[in-house]
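Now for the letters of each chain:
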Amino acid sequence: MTSLKGTRVTWLGHATVLVQTAKGTNILIDPFIEQNPKYPKGFKLPEKIHYILLTHGHSDHISDAVPVAKKHKSTVVAMYELSAFVGKQGVKDTVGMNLGGTVQLEDVAVTMVDAKHSSGAQDDDGTHYVGVAAGYILAVSGGPVLYHAGDTAVFGDMKLIQELYRPELAMLPIGGHFTMGPKEAAVATKLLGAYTVLPLHFGTFPQLTGTPEQLAALVDANVKVVRIEPGESI
Ligand code: NI
Ligand code: MN
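The structure presented is a predicted model; accordingly, all values stated were derived computationally and were not measured.

Engineer: Residue-level account of the coordination of the nickel ion (ligand 1), with values.
Structural biologist: Within the protein, the atoms that donate to the nickel ion (ligand 1) are H56 (NE2), H58 (ND1), H117 (NE2) and D151 (OD), at distances of 2.2 to 2.3 Å. In this structure, the nickel ion (ligand 1) is coordinated by 4 donor atoms arranged in irregular fashion, with angles at the metal of 90 to 178°. The sequence pattern formed by the donor residues of the nickel ion (ligand 1) is H-x1-H-x58-H-x33-D. The distance between the nickel ion (ligand 1) and the manganese ion (ligand 2) comes to 3.2 Å, and D151 binds to both of them. Pair noted here: H58 is in the loop between β4 (51-53) and α1 (59-62) and D151 is in the loop between β12 (145-148) and α4 (158-165), with a separation of 93 residues, a long-range link.

Engineer: Help me get a handle on unusual backbone geometry, residues and values and all.
Structural biologist: Trans is the common state for peptide bonds, and a negative phi is the common state for residues other than glycine. Although it is not a glycine, K5 adopts a positive phi angle of roughly 50°. Relative to the elements of secondary structure, K5 occurs in the segment before β1 (8-11). At H201, a residue that is not glycine, the phi angle is positive and equals roughly 60°. Positionally, H201 belongs in the loop between β14 (196-200) and α6 (212-218).

Engineer: Describe the packing of aromatic side chains, and please don't skip the residues or the numbers.
Structural biologist: A full pass over the atoms with the stated rule returns 3 aromatic pairs. Where F32 meets F205, the ring centres are 6.4 Å apart and the plane angle is 50°; that geometry is what we call tilted. Of the two residues, F32 is situated in the loop between β3 (26-29) and β4 and F205 in the loop between β14 and α6; the sequence distance between them amounts to 173 residues. Owing to a relative accessible area of 4%, F32 belongs among the buried residues under this scheme. Looking at F205, the relative accessible area reads 28%, which means it is partly exposed. Here the aromatic rings of Y39 and F43 are separated by 6.4 Å at their centres, their planes lie at 90°, and the arrangement is edge-to-face.

Engineer: Mind laying out the sheet that holds β3, listing which residues take part and the relevant values?
Structural biologist: Read from one edge of the open sheet, 6 strands run β1-β2-β3-β4-β5-β6, paired in mixed fashion. Sheet topology places β1 and β6 (94-97) at the edges, where each strand pairs with a single neighbour. On average, each strand axis in the sheet is tilted by 20° relative to the strand beside it, whichever way the strands run.

Engineer: Please set out the coordination of the manganese ion (ligand 2) residue by residue, giving values where relevant.
Structural biologist: Coordination sphere of the manganese ion (ligand 2), protein contribution only: D60 (OD), H61 (NE2), D151 (OD) and H201 (NE2), at 2.1 to 2.3 Å. Given a relative accessible area of 2%, D151 falls into the buried group. Judged by relative accessible area, H201 falls into the buried class, the value being 2%.

Engineer: Mind laying out helix α5 (residues 182-192), listing which residues take part and the relevant values?
Structural biologist: Of all the residues in α5, the buried ones are P182, A185, A186, A188, T189 and L192. Looking straight down α5, one finds that the buried residues subtend no more than 160° of arc, so they occupy a single side. Among the exposed residues of α5, those pointing more than 90 degrees away from its buried face are K183 and K190. Looking at the buried residues of α5, the elements they touch are β12, α4, β13 (169-173), β14 and α6.

Engineer: Tell me about the layout of surface pockets, residues and numbers included.
Structural biologist: The volume enclosed by the largest pocket comes to roughly 280 Å³. Residue lining of the largest pocket: I33, E34, Y39, F43, K44, L45, E47, D64, P67, V68, K71 and H72, and that is the complete set. Tallied by class, the residues present in the lining of the largest pocket amount to 6 nonpolar, 1 polar and 5 charged.

Engineer: Describe in detail the pairing of β6, supporting the description with residues and values.
Structural biologist: Two strands pair when backbone bridges link them, and strand β5 (residues 75-79) and β6 are joined in this way by 4 bridges, in the parallel orientation. If you follow A78 over to β6, its bridge partner there is G96. Of the crossover connections in this fold, the one passing from β5 over helix α3 (residues 80-88) to the parallel β6 is right-handed.

Engineer: Before we move on, could you go through the packing of α4 against α5 and cite the residues and values that matter?
Structural biologist: Each pair of packed helices can be summarised by the angle the axes make with each other and by the distance between the axes. α5 packs onto α4 with a crossing angle of 35° between their chain directions and a minimal axis gap of 7 Å. The way α4 lies across α5 gives a crossing that is right-handed. Along its contact with α4, which presents M158, K159, I161 and Q162, the element α5 presents A188, K190, L191 and L192. Of the residues belonging to the contact of α4 with α5, the class tally is 5 nonpolar, 1 polar and 2 charged.

Conventions used here
- Residues numbered from 1 in each chain as written.
- Chains lettered and ligands numbered in written order.
- Predicted model: local features only at pLDDT ≥ 70, side-chain atom pairs only at ≥ 80, totals over all residues.
- Heavy atoms only, no water.
- Donors = N, O, S within 2.8 Å, 3.2 Å for Na, K, Ca; no water.
- Tetrahedral: all angles 85-135°; square planar, octahedral: opposite > 155°, others 65-115°.
- Helix = DSSP H or I, 4+ residues; strand = E, 2+ residues; numbered from the N terminus.
- Phe/Tyr/Trp six-rings, centres within 6.5 Å; stacked < 30°, edge-to-face > 60°.
- Buried < 20%, exposed > 50% of the residue type's maximum accessible area, 1.4 Å probe, protein only.
- Pairing = 2+ DSSP bridges.
- Axes fitted to C-alpha atoms, helices over the stretch in contact; angles between N-to-C directions.
- Arc of directions from axis to C-beta.
- Contact = heavy atoms within 4.5 Å.
- 1 Å grid on protein atoms, 1.4 Å probe; cavity = no way out; pocket = protein on both sides within 12 Å on 5 of 7 lines; lining within 4 Å.
- Points joined across faces, edges and corners; volume = space filled by probe spheres on them.
- Nonpolar A, V, L, I, M, F, W, Y, C, P; charged D, E, K, R; others polar.
- Right-handed = clockwise from strand over helix to strand, strands pointing away.
- Left-handed = near helix turned anticlockwise from the far one by under 90°.

The structure is reproduced here in structure tokens:
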């Protein structure tokens, strides 16, 4: 298992991930809780969630952003237009950013990187333009470099992500249908040069048929595909 140097990464089912640094910064990525069939029942979030990162506007990634931000006094970080959308829905503190940019969140440098996916946000008035889909690099000061890909297809510029950031842990969607599946995720792993992969976005709904076992059979022998249950941590 990879050493995350005191940083704890907890998978909460689907693409929802809680990152807690050794210095005590709590970051929740893509909160999908109430409607998430794989959310660990009874899991208690830390009292303070300092930041919520959103990869794109689809409801399986943002549906609990507003309630969690209100309850845990979080700042929501997202693509510029998506940050404005959640701001309109009542989130007080937002940081709008865009692809290629980095923001320093306490001890974590967060860079927004490419993803190949759509990004509309729906409410009672229909679907709203909230910018394009993204992924995030989280470079923890004195700790690891993490990559959360959001929803995406594999793309050649993952090579640039390797060159620029060298992520130690890659959190990749593998379910297929709406994102890449295991075959593509194996190529993504190679492009990223990551030695540890935490599979996301599989098994939540019937269409998401890709499995960690399928990915593990396709990656190089020195790559570890993490098998944990929702609610468990690396
Ligand atoms: Ni999506
Ligand atoms: Mn999704």
